[in-house]
There are 2 protein chains.
Amino acid sequence: MPKLLSPKQVARAIQASESSVKRWCDRGDLEVQYTAGGHRKIPVSSVIAFLRKTGQALENPELLGLPAVAGRAHVDYETACDALFTALVNGKEAVARQILTELYLAEHSLAVIFDRVVTPVMIQVGQKWQCGDVHVFQERRGCEILLQIMQELRRLLPTPPSDAPVAIGGTVSGDLYRLPTAMVEMILREQHWAAASLGDNLPFQTLERAIEQYRPRVFWLSCSHLNDEDEFLRQYNDLYDTFGMSVAFVVGGRALKESLRSQMRYATFCDTMQHLEAFVQTLNNTASKPAEQ
Amino acid sequence: MPKLLSPKQVARAIQASESSVKRWCDRGDLEVQYTAGGHRKIPVSSVIAFLRKTGQALENPELLGLPAVAGRAHVDYETACDALFTALVNGKEAVARQILTELYLAEHSLAVIFDRVVTPVMIQVGQKWQCGDVHVFQERRGCEILLQIMQELRRLLPTPPSDAPVAIGGTVSGDLYRLPTAMVEMILREQHWAAASLGDNLPFQTLERAIEQYRPRVFWLSCSHLNDEDEFLRQYNDLYDTFGMSVAFVVGGRALKESLRSQMRYATFCDTMQHLEAFVQTLNNTASKPAEQ
DNA sequence: ACACAAAACATCCAAAACGTTCATTTTTAA
DNA sequence: TTAAAAATGAACGTTTTGGATGTTTTGTGT
């Protein structure tokens with residue numbers, strides 16, 4: 001998708017007028033390219049450089065375009081992962097914030113950041129925790145920091161329009177991993193959904209009530225840990241029997257192994273946040289009232 | 001609605017002259033960004049922080065997109081509690097944010113807001129939940145919303161100076177109530193402490209490691225629920241034996257009944273956030289290097 | 001290939017913001 | 001109570017901004 005932006009797009013994104021953006025281009029404050037016919041084309045990287053130079057905040061990042069997934073050599077995920085890991089286990093909130101903010105400004109797709117940086121880092125934390133290299137409190141503090149930063153980023157996402165389709169979800173009883181469900185919420189909000197995470201550790205009974213009350217178009221379940229797989233299967237399938245026809249069930253998480261999935265029904269299973277993003281975009285495009293781009 | 005304001009807009013909102021607003025920006029009292037041409041752009045959050053810092057009233061809140069009552073002389077806690085309760089159980093994030101922002105502007109201490117509004121509301125939610133008037137998902141969603149808003153307010157607090165005294169804390173294994181520990185963190189940060197919440201559900205073993213690594217001046221433990229009181233007592237007292245001399249233990253929470261407290265040692269027990277605030281202020285005043293008021 | 005609508009272009013101008021200066025009010029200290 | 005100090009708000013000429021204008025480029029659909 002577009003790496004080059006028009007003056008109007010940039011103006012909206014940084015809350016300035018089109019005239020000013022064009023003037024800044026002409027004056028050289030904003031690096032700019034031209035089409036054959038003389039139209040300005042402003043690279044995203046140029047906007048970021050400009051914002052950094054002037055110390056301005058990015059007011060409407062969603063307007064800077066959607067997934068720039070295809071290999072951007074610019075960002076080195078491995079370095080970012082290493083740095084983030086170190087920052088999290090040492091409780092360096094400010095460092096972690098800087099890493100993620102820069103990635104967000106450079107990458108513009110939350111899904112990619114989640115899949116290629118945040119999730120791998122948390123997996124690494126989990127592994128080192130099992131071999132005893134990382135203490136529980138370091139893992140917990142790391143999660144706290146990540147959740148805080150994600151909430152800050154969440155504020156930069158568009159506020160859902162009042163007629164936005166509703167999505168709710170969370171994790172089931174016994175699953176205390178709230179990071180994934182927070183990610184899901186953000187991905188959905190980025191796609192202009194009115195997504196609300198109900199949190200973690202939710203009994204199936206209350207999920208049923210929640211669906212009844214919210215009447216969502218999408219219901220998600222993040223499963224990082226299951227206390228009792230058989231019990232989960234039974235209750236999940238009950239829930240699906242009740243609502244599966246009217247609500248799109250989206251499930252994911254490492255606890256849902258293939259053997260389990262084969263016994264479940266759902267609208268989609270997501271291995272990654274990018275899968276989820278693609279699925280939601282499909283919904284947006286095929287819906288009667290699609291959320292505008 | 002715009003998140004960045006011009007000096008004139010801010011001047012009208014807080015009923016001051018444009019000259020003064022500009023002077024405050026230049027002096028650093030108001031956080032400000034600049035356009036490429038050198039015009040000031042003031043974030044709403046910066047205005048809110050300024051108003052609180054100086055104790056001024058907000059004369060025209062509607063100009064900032066805030067509720068019309070914000071900053072008015074006195075606040076009726078009971079009304080606020082009722083409104084917040086309704087907003088939380090109905091998942092109305094925006095309404096809850098307005099209520100709390102309004103209180104934040106009108107009040108001088110976060111502790112008062114926590115003690116007289118947030119805590120009572122969550123107690124009410126808990127009660128109605130037990131009689132079945134409130135569903136689990138409503139309670140959970142309410143907590144999510146509160147944590148979200150508190151995170152936003154946290155950003156308005158002063159960033160701790162690098163030589164700030166360190167405080168860490170959280171809840172023990174089996175205690176999943178993370179709201180109180182988030183409150184504690186904010187109260188401490190408001191008093192210029194480098195406070196870091198380690199989160200919830202922490203085994204004692206890792207608390208020990210955390211204290212070793214962070215070497216805090218204060219260690220807090222929030223106890224809203226205990227799986228096993230005797231086990232807790234044993235492990236807590238072990239921890240106190242190890243660190244009680246070098247670290248100030250601050251405990252609180254409704255799970256610590258009188259019968260339990262009598263068997264525990266601690267620097268202070270806090271019934272309310274205002275107690276905590278007073279205690280920390282005492283520490284600040286008697287410390288060799290007091291954080292400036 | 002052509003036509004047409006949407007978007008971007010350059011230019012111009014009024015409104016607004018800039019920095020500076022100065023008179024007036026408020027606070028602090030003697 | 002008075003004098004000095006500090007903060008405020010108005011006034012000023014200059015610069016920046018943002019909207020309106022009519023024209024040109026772009027991209028899409030036939």
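This section reports on the structure supplied with the text. Model, not experiment: these values are computed from the prediction. (Residues numbered from 1 in each chain as written. Chains lettered and ligands numbered in written order. Predicted model: local features only at pLDDT ≥ 70, side-chain atom pairs only at ≥ 80, totals over all residues.)

## What to know about the overall build of chain A
Counting secondary structure elements, chain A contains twelve helices and eight strands. Put simply, 71% of the contacts in chain A that link residues at least 6 apart link residues at least 24 apart. (Helix = DSSP H or I, 4+ residues; strand = E, 2+ residues; numbered from the N terminus. Contact = placed C-beta atoms within 7 Å.)

## So, the protein's contact with DNA strand D
Neighbouring DNA strand D are 19 residues, the closest being Ser17(A), Ser19(A), Gly37(A), Ser17(B) and Gly37(B). At the level of elements, α2 (18-27) of chain A together with α2 (18-27) of chain B are the ones that each hand at least two residues to the surface near DNA strand D. Counted by class, the surface near DNA strand D contains four nonpolar, 14 polar and one charged residues. (Near = placed C-beta within 6 Å. Nonpolar A, V, L, I, M, F, W, Y, C, P; charged D, E, K, R; others polar.)

## Details of unusual backbone geometry
Phi at Arg215(A) is positive, roughly 50 degrees, even though this residue is not glycine. Among the secondary structure elements, Arg215(A) is positioned in the loop between α9 (204-214) and β6 (218-222). Phi at Gln15(B) takes a positive value of approximately 50 degrees, unusual for a residue other than glycine. Tracing the backbone through its elements, the reader meets Gln15(B) in the loop between α1 (7-14) and α2. Judged by the 11 C-beta atoms lying within 10 Å of it, Gln15(B) falls in the exposed class. (Buried ≥ 20, exposed ≤ 12 C-beta atoms within 10 Å, placed from the backbone.)

## Overview of the nonpolar core
Of all hydrophobic cores here, the largest spans 84 residues; its most connected members are Leu84(B), Leu88(B) and Ile187(B). It is helix α6 (residues 110-130) of chain B that contributes the most residues to this core, nine residues altogether. Discounting residues that sit within four places of it in the chain, Leu84(B) has contacts with Ala96(B), Ile99(B), Val117(B) and Val121(B). Judged by nonpolar contacts, the second largest core, of 66 residues, contains Phe85(A), Leu110(A), Ala111(A) and Val117(A). (Core = buried A, V, L, I, M, F, W, Y, C linked by C-beta atoms within 7 Å.)

## Quick word on the interface of chain B and chain A
At the junction of the two partners, chain B supplies 32 residues and chain A supplies 33 residues. In terms of residue count, helix α7 (residues 136-154) of chain B provides more of the side of chain B that touches chain A than any other element does, nine residues in total. Partitioned by chemical class, the residues of the side of chain B that touches chain A number 15 nonpolar, ten polar and seven charged.

## Here we look at the protein's contact with DNA strand C
Taken together, 16 residues lie around DNA strand C, and Ser6(A), Arg40(A), Ser6(B), Lys8(B) and Arg40(B) are the ones closest in. At the level of elements, α1 (7-14) and α2 of chain A together with α1 and α2 of chain B are the ones that each hand at least two residues to the surface near DNA strand C. Of the residues belonging to the surface near DNA strand C, the class tally is two nonpolar, eight polar and six charged.

## Considering the sheet that holds strand β4 (residues 166-170) of chain A
Residues and elements named next belong to chain A. Read across the open sheet, the five strands follow the order β5-β4-β6-β7-β8; overall the sheet is parallel. Two strands lie at the open edges of the sheet, namely β5 (194-197) and β8 (268-270), each paired on one side alone. Pairwise comparison of adjacent strand axes, ignoring direction, gives a mean angle of 20 degrees for this sheet. In the packing of helix α8 (residues 178-190) onto the sheet, contacts are made with β4, β5 and β6, and the angle to β5 comes to roughly 170 degrees. (Pairing = 2+ DSSP bridges. Axes fitted to C-alpha atoms, helices over the stretch in contact; angles between N-to-C directions.)

## Side note on the sheet that holds strand β5 (residues 194-197) of chain B
Within a beta sheet, neighbouring strands are joined by backbone hydrogen bonds and run either parallel or antiparallel to one another. Residues and elements named next belong to chain B. Taken in spatial order, the five strands make up an open sheet running β5-β4-β6-β7-β8, and their pairing is parallel. Single-partner strands in this sheet number two, and they are β5 and β8 (268-270). Adjacent strand axes in the sheet meet at a mean angle of 20 degrees, parallel and antiparallel pairs treated alike.

## Section: helix α10 (residues 229-243) of chain B
Residue and element names in this part refer to chain B. Helix length check: α10 (15 residues) gives 21 Å between terminal C-alpha atoms against 21 Å at 1.5 Å per residue, within 8%. The set of residues buried in α10 consists of Phe 232, Tyr 236 and Leu 239. With its buried residues spanning 60 degrees around the axis, α10 presents them on a single face. Along α10, the residues that are exposed and aim more than 90 degrees away from the buried face are Asp 230, Asp 238 and Asp 241. (Expected span 1.5 Å × (residues − 1). Arc of directions from axis to C-beta.)

## Observations regarding the pairing of strand β3 (residues 40-43) of chain B
Residue and element names in this part refer to chain B. Pairing geometry for strand β1 (residues 4-5) and β3, over two bridges, is antiparallel. Bridging across to β3, Leu 5 finds its partner in Ile 42. In the sheet, strand β2 (residues 33-34) pairs with β3 via two bridges, with the strands oriented antiparallel. Counterpart to Tyr 34 in the pairing with β3 is Arg 40. Between β2 and β3, which pair antiparallel and follow one another directly, the connecting turn spans five residues, one of which, Gly 38, has a positive phi of 95 degrees.

## Some thoughts on the pairing of strand β7 (residues 248-252) of chain B
All names here are of chain B. In terms of burial, β7 is largely enclosed, as four of its five residues are buried. Of the pairings in the sheet, the one linking strand β6 (residues 218-222) to β7 comprises five bridges and is parallel in character. Counted as the bridge partner of Ser 222 is Gly 252 from β7. A crossover connection joins β6 to the parallel β7 through α10; in handedness this β-α-β unit is right-handed. (Right-handed = clockwise from strand over helix to strand, strands pointing away.)

## A few points about helix α7 (residues 136-156) of chain A
In an α-helix, one turn spans 3.6 residues, which is why side chains three or four residues apart end up on the same side. Between the first and last C-alpha of α7(A) there are 31 Å, a value that for 21 residues agrees with the 30 Å anticipated at 1.5 Å per step. Taken together, the buried positions of α7(A) are Phe137(A), Gln138(A), Glu139(A), Arg140(A), Arg141(A), Gly142(A), Cys143(A), Glu144(A), Ile145(A), Leu146(A), Ile149(A) and Met150(A).

## Concerning the packing of helix α4 (residues 77-89) of chain A against helix α6 (residues 110-130) of chain A
All names here are of chain A. At their nearest, the axes of α4 and α6 sit 9 Å apart, and the two run at 50 degrees to each other. Here α4 lies oblique to α6, going by the angle between them. At the point where α4 passes α6, the crossing takes the right-handed sense. On α6, the residues that touch Tyr 77, Ala 80, Cys 81, Leu 84, Phe 85, Leu 88 and Val 89 of α4 are Arg 116, Val 117, Pro 120, Val 121, Gln 124 and Val 125. (Parallel < 35°, antiparallel > 145°, perpendicular 65-115°, else oblique. Left-handed = near helix turned anticlockwise from the far one by under 90°.)

## Looking at the environment of Thr268(B)
Residues and elements named next belong to chain B. Along the chain, Thr 268 falls in strand β8. Distance in space between the C-alpha atoms of Thr 268 and Phe 279 is 7.8 Å, their sequence separation being eleven residues. When near neighbours in sequence (up to four residues on either side) are disregarded, Thr 268 contacts Val 250 and Phe 279.

## Points about the environment of Gly170(A)
Residues and elements named next belong to chain A. Summarising the element assignment, Gly 170 is placed in strand β4. As for Gly 170 and Gly 199, which are separated by 29 residues in sequence, their C-alpha atoms are 5.1 Å apart. Excluding anything up to four places from it in sequence, Gly 170 contacts Thr 181, Ser 197, Leu 198, Gly 199, Asp 200 and Leu 202.

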